[in-house]
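Observations on the model geometry
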Amino acid sequence: MTAATTELLTVPEVMARLKLGRSKVYDLIRSHRLVSIKIDGSHRIPLDSVSSFILAQIDEAA
């Protein structure tokens, strides 16, 4: 998949996928643990970034 076809998620969609609250998702964005872009003031998180975050958390736990 190329960057041009990467699915972008909203903060509420990421919240649902990760089962986290809004503040925690924004904390992850601020700390650069989740990559995001801003479009007209709204954060969009690439699905690949969410997958990478999950894999990194699994590696840390192992």
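Turning to its location among the elements, glycine 21 is positioned in the loop between α1 (11-18) and α2 (22-30). Residue class for glycine 21 comes out partly exposed when judged on its relative accessible area of 40%. Linking glycine 21 and isoleucine 39, residues 18 residues apart in sequence, is a C-alpha distance of 21 Å.

Taken together, 3 strands build an open sheet; the order of strands is β1-β3-β2 and the sheet is antiparallel. The sheet terminates laterally at β1 (8-9) and β2 (37-39), the two strands that pair on one side only. Across 3 bridges, the pairing between β2 and strand β3 (residues 42-46) is antiparallel. Bridged to isoleucine 39 within β3 is serine 42. Packed on one face of the sheet, helix α3 (residues 47-61) meets β1 and β3 and runs near 65° to β3.

The subject of this paragraph is unusual backbone geometry. Positioned with a positive phi, lysine 19 is a non-glycine residue whose angle comes to about 55°. Tracing the sequence through the fold places lysine 19 in the loop between α1 and α2. Assessed through its relative accessible area of 70%, lysine 19 is described here as exposed. Located in the positive-phi region is aspartate 40, a residue other than glycine, with phi close to 50°. Relative to the helices and strands, aspartate 40 resides in the loop between β2 and β3. The exposed category is assigned to aspartate 40, whose relative accessible area is 80%.

Thresholds applied
Residues numbered from 1 in each chain as written. Predicted model: local features only at pLDDT ≥ 70, side-chain atom pairs only at ≥ 80, totals over all residues. Heavy atoms only, no water. Helix = DSSP H or I, 4+ residues; strand = E, 2+ residues; numbered from the N terminus. Buried < 20%, exposed > 50% of the residue type's maximum accessible area, 1.4 Å probe, protein only. Pairing = 2+ DSSP bridges. Contact = heavy atoms within 4.5 Å. Axes fitted to C-alpha atoms, helices over the stretch in contact; angles between N-to-C directions.

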